[in-house]
Amino acid sequence: MSPVQIELRDTSFDPFQELFEHRKTFSKIGNHGACSTFVGTMREYNGGDRVLAMQLEHYSGMTEKQLEEIVGEARKTHEILDGLLLHRIGNVYPGEDIVLVAVWSTHRKDAFAACREIMEALKSKAPFWKKETLVEGDRWVENNTPGV
Amino acid sequence: MSPVQIELRDTSFDPFQELFEHRKTFSKIGNHGACSTFVGTMREYNGGDRVLAMQLEHYSGMTEKQLEEIVGEARKTHEILDGLLLHRIGNVYPGEDIVLVAVWSTHRKDAFAACREIMEALKSKAPFWKKETLVEGDRWVENNTPGV
Amino acid sequence: MTIHVRFFASLRERTGIDSKTVDADGLHSIRDLWSALTDEPLDETTLVAVNKTYAGPDHAITDGDEVAFFPPITGG
Amino acid sequence: MTIHVRFFASLRERTGIDSKTVDADGLHSIRDLWSALTDEPLDETTLVAVNKTYAGPDHAITDGDEVAFFPPITGG
């Protein structure tokens, strides 16, 4: 079974409180020497335009499946002792967090690489679509900013 | 002035509670689109030996100066909007956190790269030395595990 | 042969179709299915999933498949 | 010329010196200073800092300098 807890959330969450609570569930901590995390947060501006809100659409069933596969892929080359992957769906507002990826490993090399790889794969493979509400109307976000 | 808060701590801290509190101090959040963090935690075993405790020695004055320089170096090539860098000194026990590096940037590329680079530079340039207490006595840790 | 078709995001808005059950007798591939639904060419940026797994435009469709079309993803 | 010398970690334990003020008249470099303190050769893994900045073994010492010797670091 995957050691990574994956969840889609339709309400706002605080990633650091989630990580604090998540870590309490570890039954054993002796090997967890390294934790790498990434938090993506909604900005107030995108491409120079003020963004008032965002709708995050997903493909129920496929999104979860892809996230599981992305984590499974990362586990083929990196040790993942534990992890947490949260992603918002629905209406999101500036300053709210969109995504949290956290990976615990014995050593930092695996933790860093797995967190980064999961995040990049999520950006290109997990079906989510952002529609921004601007002052003058709505628009679909067409491309992600490059990660590497 | 550096946007990264740097502190040496002689008592245990929870990195996720620290991050939760630290983020509350942001006066503006509109651009903070990405946050990459790393947490290093003391393991119960090192090189096959049970480790009961660890003493973290540092060079007061130089350690702080090096950490500032490491952050300054990372800022030359990456946008850092805010950050937090905590490192334990003194007696540390298994399961306690040793180091926290957190970087906030507009985009994930800068956040990931800066966090990683600060962590690697810290491992090779900031004067800290670990002495482990084993069941049969003490030993100095001679090398860090590779990060890349 | 029955195919359940779904469109997402900007493609859903452009086609005006959210989901649709298509009688696909005589259709063989994803490409055939697309052509039966719209006059637009199948843009190479359009992503396709068959039963929630990514597939190419020449993938063969079979009875009961759920086929989804969607634009480049922008999550995270 | 007076130099404040410090040793850290395993080097402090091996030399038995934590800190020491050295009358360094006639000494020019870090290497000279090291030789005046111990019979051991200056190992190339030994790190040197002058006034809390890293320096090489040929770095010239000047009156009032704080010179530190320490083993490879193992923080983080």
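Residues numbered from 1 in each chain as written. Chains lettered and ligands numbered in written order. Predicted model: local features only at pLDDT ≥ 70, side-chain atom pairs only at ≥ 80, totals over all residues. Heavy atoms only, no water.

Let's shift gears to the overall build of chain A. Along its length, chain A carries three helices and nine strands. Traced from its N-terminal end to its C-terminal end, chain A shows the element sequence β-α-β-β-β-α-β-β-β-α-β-β. Rg of the C-alpha trace for chain A: 16 Å, near the compact-globule value of 15 Å for 148 residues, within the 12% margin. By the burial criterion, 56% of the 148 residues in chain A qualify as buried. About 6200 Å² of surface is accessible on chain A, with carbon and sulfur atoms providing 48% of the total. Taking the 18 positively charged and 23 negatively charged side chains of chain A as two groups, their mean positions are separated by 5 Å. (Helix = DSSP H or I, 4+ residues; strand = E, 2+ residues; numbered from the N terminus. Rg over C-alpha atoms; globule rule 2.2 N^0.38 Å. Buried < 20%, exposed > 50% of the residue type's maximum accessible area, 1.4 Å probe, protein only. Areas by Shrake-Rupley, 256 points an atom, 1.4 Å probe, with all protein chains shown as cover. Lys, Arg positive; Asp, Glu negative; His and termini not counted. Charge placed at Lys NZ, Arg CZ, Asp CG, Glu CD.)

Moving on: the overall build of chain C. A tally of helices and strands in chain C yields two helices and five strands. Along the chain direction, N to C, the helices and strands of chain C fall in the order β-α-β-α-β-β-β. Relative to the 2.2 N^0.38 estimate, which gives 11 Å for 76 residues, the radius of gyration of chain C is 11 Å and therefore close to what a compact globule would have. When its C-alpha atoms are laid out on the principal axes, chain C stretches across 35 × 25 × 20 Å. For chain C, the proportion of its 76 residues judged to be buried stands at 45%.

Residue and element names in this part refer to chain C. Among the residues making up helix α2 (residues 30-37), those that are buried are I30, L33, W34 and L37. One face of α2 carries all of its buried residues, which in axial projection span an arc of 100°. Of the surrounding secondary structure, the elements contacted by the buried residues of α2 are β1 (2-7), α1 (9-15), β2 (19-23), β3 (47-50) and β5 (66-70). (Arc of directions from axis to C-beta. Contact = heavy atoms within 4.5 Å.)

Our next topic: the relation of the copies chain B and chain A. Between the two copies, chain B and chain A, the superposition gives an RMSD of 0.0 Å; the rotation angle is 180° and the shift along the axis is 0.0 Å. Between the two chains, the operation in question is that of a two-fold axis. Comparing interface residues between copies, 100% of those in chain B also sit at the interface in chain A, which points to an isologous, same-surface contact. (Least-squares fit on C-alpha atoms with pLDDT ≥ 70 in both.)

Moving on, we get to the pairing of strand β4 (residues 49-58) of chain A. Residue and element names in this part refer to chain A. Pairing between strand β3 (residues 45-46) and β4: two bridges, direction antiparallel. Directly across from Y45, in β4, lies its bridge partner R50. In this structure, the hairpin formed by β3 and β4 is closed by a connection of two residues, where G47 is found at a positive phi of approximately 55°. In this structure, β4 lies alongside strand β8 (residues 128-134), joined through seven bridges in antiparallel fashion. Looking across to β8, one finds that V51 is bridged to L134. (Pairing = 2+ DSSP bridges.)

On to the interface of chain A and chain C, then. It is common to give the size of an interface as the accessible area lost on bringing the parts into contact. Listed as interface residues are 27 residues of chain A and, on the opposing side, 20 residues of chain C. Between the two partners, chain A and chain C, sit two salt bridges. Among the ionic pairs, C:E13 bridges to A:K131, the shortest N-O distance being 2.4 Å. Run the count over chain A and chain C and you get 14 residue pairs in polar contact (both at pLDDT 80 or more). For the side of chain A that touches chain C, the secondary-structure elements that each account for two or more residues are β4, α2 (62-77), β7 (97-105), α3 (108-125) and β8 of chain A. Looking at which element gives the most residues to the side of chain A that touches chain C, the answer is α3(A), with five residues. (Salt bridge = Lys/Arg side-chain N within 4 Å of Asp/Glu carboxyl O. Polar contact = N/O pair within 3.5 Å; in protein donor to acceptor, adjacent residues only side chain to side chain.)

Attention now goes to the confidence of the model for chain C. Confidence in the prediction for chain C averages 96 pLDDT; 100% of positions are at 70 or higher. Interface confidence in the predicted complex, given as ipTM, is 0.95; pTM for the same model is 0.96. (pLDDT = per-residue confidence, 0-100.)

Moving on, we get to helix α1 (residues 15-24) of chain A. All names here are of chain A. Residues of α1 that are buried include every one of P15, F16, E18, L19, H22 and R23, and no others. Projection of α1 onto a plane perpendicular to its axis shows the buried side chains occupying an angular sector of 155°, all on one side. Between the side-chain oxygen at the start of α1 and the backbone nitrogen of F16 there is a gap of 2.9 Å, and the oxygen is on D14.

All names here are of chain D. Strand order in the open sheet formed by five strands is β2-β1-β5-β3-β4, with mixed pairing between adjacent strands. With one partner strand each, in any of the chains shown, β2 (19-23) and β4 (53-54) form the two edges of the open sheet. Relative to strand β5 (residues 66-70), strand β1 (residues 2-7) runs parallel, the two being bridged by four bridges. Looking at β5, one finds that H4 is bridged to E66.

This part is about the interface of chain B and chain A. Contact with chain B, which involves 42 residues of that partner, is made by 42 residues of chain A. Regarding the contact of chain B and chain A, the summed buried area is about 3600 Å², with carbon and sulfur atoms giving 56% of it. Taken together, the connections running from chain B to chain A amount to six salt bridges. B:R108 serves as the salt-bridge partner of A:E120, at 2.8 Å between the closest nitrogen and oxygen. Connecting chain B to chain A are 13 residue pairs in polar contact (both at pLDDT 80 or more). Elements supplying a minimum of two residues to the side of chain B that touches chain A: α1 (15-24), β2 (34-41), β7 (97-105) and α3 (108-125) of chain B. (Buried area = accessible area lost by both parts, 1.4 Å probe.)

In this section: the packing of helix α2 (residues 62-77) of chain B against α3(B). Residue and element names in this part refer to chain B. Packing of α2 against α3 leaves a shortest axis separation of 9 Å and a crossing angle of 145°. Note that α2 runs across α3; the crossing there is right-handed. Residues Q66, L67, I70, V71, A74 and T77 of α2 form the contact with α3, whose own contacting residues are D110, E117, I118, A121, L122 and K125. Grouping the amino acids of the contact of α2 with α3 by side-chain chemistry returns seven nonpolar, two polar and three charged. (Axes fitted to C-alpha atoms, helices over the stretch in contact; angles between N-to-C directions. Left-handed = near helix turned anticlockwise from the far one by under 90°. Nonpolar A, V, L, I, M, F, W, Y, C, P; charged D, E, K, R; others polar.)

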